[in-house]
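# Coordinate analysis (summary)
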Amino acid sequence: MIEYPEIDRYASLDSPLHRFDPRAKLIAFLSLIFSIVLVPDLKVAFIGLLFAVFMLILSRIPLTFVFHYLEWVAIFILSFFVILIFTFPGEEIARFYLLSITAEGLYTGSLITVRAFSALILIFPMIGTMRFDTTIKALYRLRVPGSLVQMLMFTYRYIFVLMDEFQSIWTAMESRGFQLRSNFYALSTIGKALGMLFVRSYERAERVYQAMCSRGYTGNPRTLVEFDIRMKDYLLAVSIMGFAVSLHIASFTGVI
Amino acid sequence: MSVAISVQNLGYVYSDGTVALEDVNMEVYEGERVVIAGPNGAGKTTLLLHLNGILRSTEGEVEVFGRSLKRLRREEIIRDVGLVFQDPDDQLFMPTLFDDLAFGPVNLGLKEEEVRKRVKEALSILGLSGYENRCPHHLSYGEKKKASLAAIISMEPKILVLDEPTANLDPRSRAELIEIIKELNEREGITIVVATHDINAVPELADRVYVLNRRIIAEGTPGEIFNDAALLRDNNLEVPEVYKLFEVLRCFGYPCEELPLSIDDAVAELTRTINERHIHLHIHEHTHEDVNRIRSKYEHHG
Ligand SMILES: Nc1ncnc2c1ncn2[C@@H]1O[C@H](COP(=O)(O)OP(=O)(O)OP(=O)(O)O)[C@@H](O)[C@H]1O
Ligand SMILES: [Mg+2]
């Protein structure tokens, strides 16, 4: 079976971050992420990474779950790191045959890697601690443009349906003896299956649109949302954002 | 009785040239239950999409409570006519059941309190109370089918139009859904239009049947329709198994004027005849011939 992308699998756990008001949480964490990816100093960025890990632990989301998602991204980031340390111009500090590592390259490479990992890790305590539909509603309440909210909403609802549809096409192919090989025949068959999926999604989109019109859809999604923001939410949000700002003060003044 | 829906000379051609409907005439009275029966590709879904103005044809006319849909805005139409789609995955497009059930009422401009009340009621009618925060993807097919009916009930339409409500359901969910539809009709007086090829559901859901095969082929009570073997054969329609059984029993000398269409009818029929006279089943010289004639009559169903 295929595996569904379920970032919100641990949304029903209980932690301070699960109890955090969704809107405040989104704003606080987004500012933190922005702040960290803009930090110019490696040491400060490292502190950011530690804080991100702390937030992750605070969220109680199992680390294995997070690592499973990070595996693939890690390969990407690390290859970027390797390319940077070998190609960045500057003072040479080591040499492998024809390739030289520069101090500047090492610094920049590490800085980018640390920033990227911090940002990625922060995504989990941010949206992994509430159901994805809550995230969507929080965005809706924060007056994020309607078309973006709808896009997220429909992606969330239909990604599973699409995956099921692909699975059923795939099963039908396999049950008639199709085997995945790297030859032209296999590739063209997969191409056709994807085309089929495309046609099916197109037709489904049309029917869903008809169903929406049948219930009075006129272009903007409207729904009822019940959020209850409290003092503790403001406090938590302000402290996280305070931390985000202090990272920049620290790297600007060079206290660390 | 006043006319709820009136379809006159309706024709529809899809953009690829497929002629889906041709000169369709149909009338549904207020409080009535009408089934539209027809084989695959007969145009049932196409016809239903015209009933709430999703498809608008230039050919012919559809009127709801005497007003032409051409002159009504969609918001006005959907207040009266609620359409439940065949595939619940098309119908349930919001992230949670609550959102989905609230979608229609919110669009109708109802107050938040009223919306919440309606959602709650609709869920309880369908036996889905407590499912508010469930995500449609994690529901069983039967639950999805019920939820998509609930999403329309929360809009409280006067006319409920359902496309294949019983398709792909297990016997229990099927019976539950039929019961709910019947109750909505009896208790709330909601007019029901159902498109189906589940022939065993017809006697339970229909006061009147239209047979559609691009055009309206026939109209009548379920009994009248099932009596017309040629009509059924030409339109690939089945007859309830009970009906066939009693037709066979008749060959063995069972006295029965009106063949029962459902198990309930059959029980009533048996009770009546057995009380009234002495039933003696026997094999006479024509029995074999007669039975074979009946079997060949329904042969086209394999
Ligand atoms: N979007 C479309 N574009 C072109 N042709 C279509 C489209 N939708 C349906 N048709 C065609 O119109 C005819 C009637 O289709 P429709 O879906 O209304 O039949 P139906 O009675 O609902 O069938 P079923 O019992 O299989 O649901 C069919 O021949 C079908 O292939
Ligand atoms: Mg259909």
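The paragraphs below set out a description of the structure included in this document. Quick caveat: nothing in here was measured; it's all calculated off a predicted structure.

## What about empty space enclosed by the protein?
Where empty space is left in the structure can be found by rolling a water-sized probe over the atoms. Scanning the model with the defined rule gives three cavities of 30 Å³ or more in all. In this model, the largest cavity occupies a volume close to 60 Å³. Element by element, the count of residues in the lining of the largest cavity is highest for helix α6 (residues 132–141) of chain A, at four residues. In the lining of the largest cavity, the residues fall into seven nonpolar, one polar and three charged. Approximately 50 Å³ is the volume found for the second largest cavity. Lining the second largest cavity, in full, are V84, F85, K145, L149, L162, P165 and L177 of chain B.

## Considering the packing of aromatic side chains
Counted according to the given criterion, the structure contains 15 aromatic pairs over all chains. With a centroid separation of 3.9 Å and an interplanar angle of 20°, the aromatic rings of F51 of chain A and F243 of chain A are classed as stacked. Of this pair, F51 of chain A sits in helix α3 (residues 42–59) while F243 of chain A sits in helix α9 (residues 231–253), and the two are 192 residues apart along the sequence. For the ring pair F246 of chain B and Y254 of chain B, a centre distance of 5.6 Å and an interplane angle of 80° mean the geometry is edge-to-face.

## Notes on the sheet that holds strand β3 (residues 33–37) of chain B
Residue and element names in this part refer to chain B. One open sheet accounts for six strands, arranged β6-β7-β8-β3-β9-β10; its pairing is mixed. The open sheet has two free edges, formed respectively by β6 (81–84) and β10 (215–220), since each of these has just one partner strand. Between one strand axis and the next, the sheet turns by 20° as a mean value, whatever way the strands run. Two elements, β3 and strand β9 (residues 208–213), share four bridges in a ladder whose sense is parallel. Considered in β9, the bridge of I36 is made with Y210. Against the sheet, helix α6 (residues 141–153) contacts β6 and β7 (159–163), and its axis sits at roughly 165° relative to β6.

Calculation notes
- Residues numbered from 1 in each chain as written.
- Chains lettered and ligands numbered in written order.
- Predicted model: local features only at pLDDT ≥ 70, side-chain atom pairs only at ≥ 80, totals over all residues.
- Heavy atoms only, no water.
- 1 Å grid on protein atoms, 1.4 Å probe; cavity = no way out; pocket = protein on both sides within 12 Å on 5 of 7 lines; lining within 4 Å.
- Points joined across faces, edges and corners; volume = space filled by probe spheres on them.
- Helix = DSSP H or I, 4+ residues; strand = E, 2+ residues; numbered from the N terminus.
- Nonpolar A, V, L, I, M, F, W, Y, C, P; charged D, E, K, R; others polar.
- Phe/Tyr/Trp six-rings, centres within 6.5 Å; stacked < 30°, edge-to-face > 60°.
- Pairing = 2+ DSSP bridges.
- Axes fitted to C-alpha atoms, helices over the stretch in contact; angles between N-to-C directions.
- Contact = heavy atoms within 4.5 Å.

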